[in-house]
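Listed below, chain by chain, are the residues.
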Amino acid sequence: MRTVADVAVGPDFTIRTVTCHDDHTRWSQPESREEYNLVLARRGRFRRRVDGVCADIDATLAYVGVPGAEEHFAHPAGGDICTWINLRPPLWFKLAGDTLLARSTFYVDAQLDLIHRRMLTAARTGDLGYALAQQLLEALSDILKQVNAGPTPADVPIHDTDRAAVAAAREAILTDHPAAHALLPLAALLAVSPFRLSRAFSREMGVSVTYYRNRVRVTRALDRLEHGEDSLAVLAADLGFADQAHLCRTVRRHLDHTPTALRRLLRSSN
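Computed from a predicted model, the values in this text were never measured in an experiment.

S.K.: Help me out: how do you make sense of the pairing of strand S7 (residues 71-74) in this one?
M.R.: Here S7 shows a buried face lined by Glu71 and Phe73 and a second buried face lined by His72 and Ala74. Relative to S7, strand S4 (residues 46-50) runs antiparallel, the two being bridged by four bridges. If you follow arginine 48 over to S7, its bridge partner there is phenylalanine 73.

In C-alpha cells form, the structure reads like this:
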C-alpha cells in the first residue's frame, strides 16, 4: 500500500511525500514515469531494480528516475517514507543539460541530508518561488555532479559578465517585474542558468538572491507600516508572502521585531 501527499506543487516541479506500507521480498510489477524524478529516503529502506541493476535505497543512497525506464521495487525490511521530487523535462534539461546519466543512484552525505531537510522546511513556509527553489537548486547541484556523465550548466565557470546578470536581477526585483516573483522565471527572463544566477548573485552581493528579495520586501513592508497599514494579512498578500505568518517570520529574521512591534515603533517616532 502506498500513500502520496503533496508538499509543494509548482509549474516546474512537484515535491511529494510518499509513504509505502509494503512488506514483501518479491519484486513489484514494472513501473515507469513520464518525467524526471529524484527520490530521497527519509525513513526505512527498500530495494530498486532498473535495467537489471539492483540498489538498496536508504537515507544514504538515493536515485534519479528517468522517463521510460522500467523500475521494480521490493520492501523486504518493511515500509519507508521518501521525498519524491518530480522535475518537468524543460527544467531538467535547463539544469542538467542533455548528457546521459553515468549512474542513477547517488550518495547522500550529511550536507545533502541537511539541504534535503531545509528544502522541506522551505516548502512549509509556502515560499516556493525563492526559498524552496534555492534549496532545490543546491540539492540538484550536488546530485548532478554524481550522476551526470558530462558537464552541466552548473559547471559553467562564472565570468565578470555575470555582474550584468546580477545587476539585471536586482533591477527586476526592485521594480517588481512579474518574472522576479520566482527564481526560475527570473533566470529565464535574464537568459541565464538559474544555477549560474544563484551562484553569481551570492558572490557579487554577499547574500543569496532569496535573502535579497526578502530584504526588498521587508523595506516595502516598513513603508506600508509607516504609512498606517493596519492589516497584516493584506500586507502579506500584497507583498507576495505565503501568508501572514510567513511575513512575520521574514520581518523578524531581518529586523528582530515583529510587524506589530515595528508598527508601534514607527508610529511613536512620527
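Once the structure has been displayed, the description carries forward.
S.K.: What is the right way to read the nonpolar core from this model?
M.R.: For soluble globular proteins, the rule of thumb is that nonpolar side chains tend to be buried together. Ranked by internal contacts, the top residues of the largest apolar core, which has 48 residues, are Leu87, Phe106 and Leu186. Per element, the largest residue contribution to this core is 10 residues, and it comes from helix H3 (residues 128-147). Ignoring any residue separated from it by four or fewer positions in sequence, one finds leucine 186 in contact with Tyr130, Ala169, Ala172, Ile173, Ala179, Ala180, Leu197 and Val209. Of all hydrophobic cores here, the second largest spans 12 residues; its members include Leu235, Ala236, Leu239 and Val251.

S.K.: Explain H3 here, please?
M.R.: In an α-helix there are 3.6 residues to a turn, and that puts residues three or four apart on one side. Counting buried positions along H3 gives 15 out of 20 residues, so the element sits mostly inside the fold. Its side-chain oxygen 3.3 Å from the backbone nitrogen of tyrosine 130, aspartate 127 forms the N-cap of H3.

S.K.: How should I be thinking about unusual backbone geometry in this particular structure?
M.R.: A positive phi angle is found at aspartate 176, which is not glycine, with a value near 60°. Along the chain, the position of aspartate 176 falls in the loop between helix H4 (162-174) and helix H5 (183-189). In this structure aspartate 176 comes out as partly exposed when scored by relative accessible area, which is 41%. With a phi close to 60°, aspartate 256 is a non-glycine residue in the positive phi region. Following the sequence through the fold, aspartate 256 ends up in the loop between helix H9 (244-255) and helix H10 (259-268). Relative accessible area serves as the criterion here: at 58%, aspartate 256 is assigned to the exposed category.

S.K.: Just checking my understanding: could you explain the environment of glutamate 70 for this structure?
M.R.: When you line up the elements, glutamate 70 lands in the loop between strand S6 (61-65) and S7. Once the C-alpha coordinates of glutamate 70 and leucine 38 are considered, the two residues, 32 residues apart in sequence, prove to be 15 Å apart.

S.K.: For this particular structure, what's the right way to read the sheet that holds strand S8 (residues 80-87)?
M.R.: Strands pair in a sheet through their backbones, by hydrogen bonds, and they do so in one of two ways: parallel or antiparallel. Pairing within the open sheet is antiparallel, and its six strands lie in the order S1-S2-S8-S3-S6-S9. Edge positions in the open sheet fall to strand S1 (2-9) and strand S9 (105-107), since each of these has one partner strand only. Adjacent strand axes in the sheet meet at a mean angle of 25°, parallel and antiparallel pairs treated alike. In the sheet, S1 pairs with strand S2 (residues 13-20) via seven bridges, with the strands oriented antiparallel. The residue of S2 that forms the bridge with aspartate 6 is arginine 16. Helix H1 (residues 89-96) rests against S2, strand S3 (36-44), S6 and S8 of the sheet, and its axis sits at about 90° to S3. Each of S1, S2, S3, S6, S8 and S9 is contacted by H3, which is oriented at about 100° to S9, the strand it contacts most.

S.K.: Which parts of the structure should I look at to understand the sheet that holds S7?
M.R.: Ordered by their spatial adjacency, three strands build an open sheet running S5-S4-S7, and the pairing between neighbours is antiparallel. Across the chains shown, the open sheet's two edge strands, defined by having one partner strand only, are strand S5 (53-57) and S7. Between one strand axis and the next, the sheet turns by 25° as a mean value, whatever way the strands run.

S.K.: Would you mind going over the packing of aromatic side chains with me for this structure?
M.R.: Geometrically, a pair of aromatic rings is defined through the distance of the ring centres and the angle of the planes. Taken as a whole and assessed by the stated rule, the structure comprises five aromatic pairs. Here tyrosine 36 and phenylalanine 93 contribute two aromatic rings whose centre-to-centre distance is 5.8 Å and whose plane-to-plane angle is 85°, an arrangement assigned as edge-to-face. One end of the pair, tyrosine 36, is in strand S3; the other, phenylalanine 93, is in helix H1, and 57 residues separate them in sequence. Classification of tyrosine 36 as buried rests on a relative accessible area of 12%. Owing to a relative accessible area of 41%, phenylalanine 93 belongs among the partly exposed residues under this scheme. A centroid spacing of 6.3 Å and a plane angle of 40° characterise the contact between tyrosine 63 and phenylalanine 73, whose relative ring orientation is tilted. Pair noted here: tyrosine 63 is in strand S6 and phenylalanine 73 is in strand S7, with a separation of 10 residues, a long-range link. Judged by relative accessible area, which is 4%, tyrosine 63 ranks as buried. Taking the relative accessible area as the measure of exposure, phenylalanine 73 reaches 6% and is therefore buried. Ring pairing ties together the aromatic residues Tyr36, Trp92 and Phe93, which thus form one cluster. It is arginine 49 that lies over the ring of tryptophan 27; its NZ or CZ is 4.8 Å from the centre.

Thresholds applied
- Residues numbered from 1 in each chain as written.
- Predicted model: local features only at pLDDT ≥ 70, side-chain atom pairs only at ≥ 80, totals over all residues.
- Heavy atoms only, no water.
- Buried < 20%, exposed > 50% of the residue type's maximum accessible area, 1.4 Å probe, protein only.
- Helix = DSSP H or I, 4+ residues; strand = E, 2+ residues; numbered from the N terminus.
- Pairing = 2+ DSSP bridges.
- Core = buried A, V, L, I, M, F, W, Y, C linked by side-chain atoms within 4.5 Å.
- Contact = heavy atoms within 4.5 Å.
- Polar contact = N/O pair within 3.5 Å; in protein donor to acceptor, adjacent residues only side chain to side chain.
- Axes fitted to C-alpha atoms, helices over the stretch in contact; angles between N-to-C directions.
- Phe/Tyr/Trp six-rings, centres within 6.5 Å; stacked < 30°, edge-to-face > 60°.
- Lys NZ or Arg CZ within 6 Å of the ring centre and 35° of its normal.

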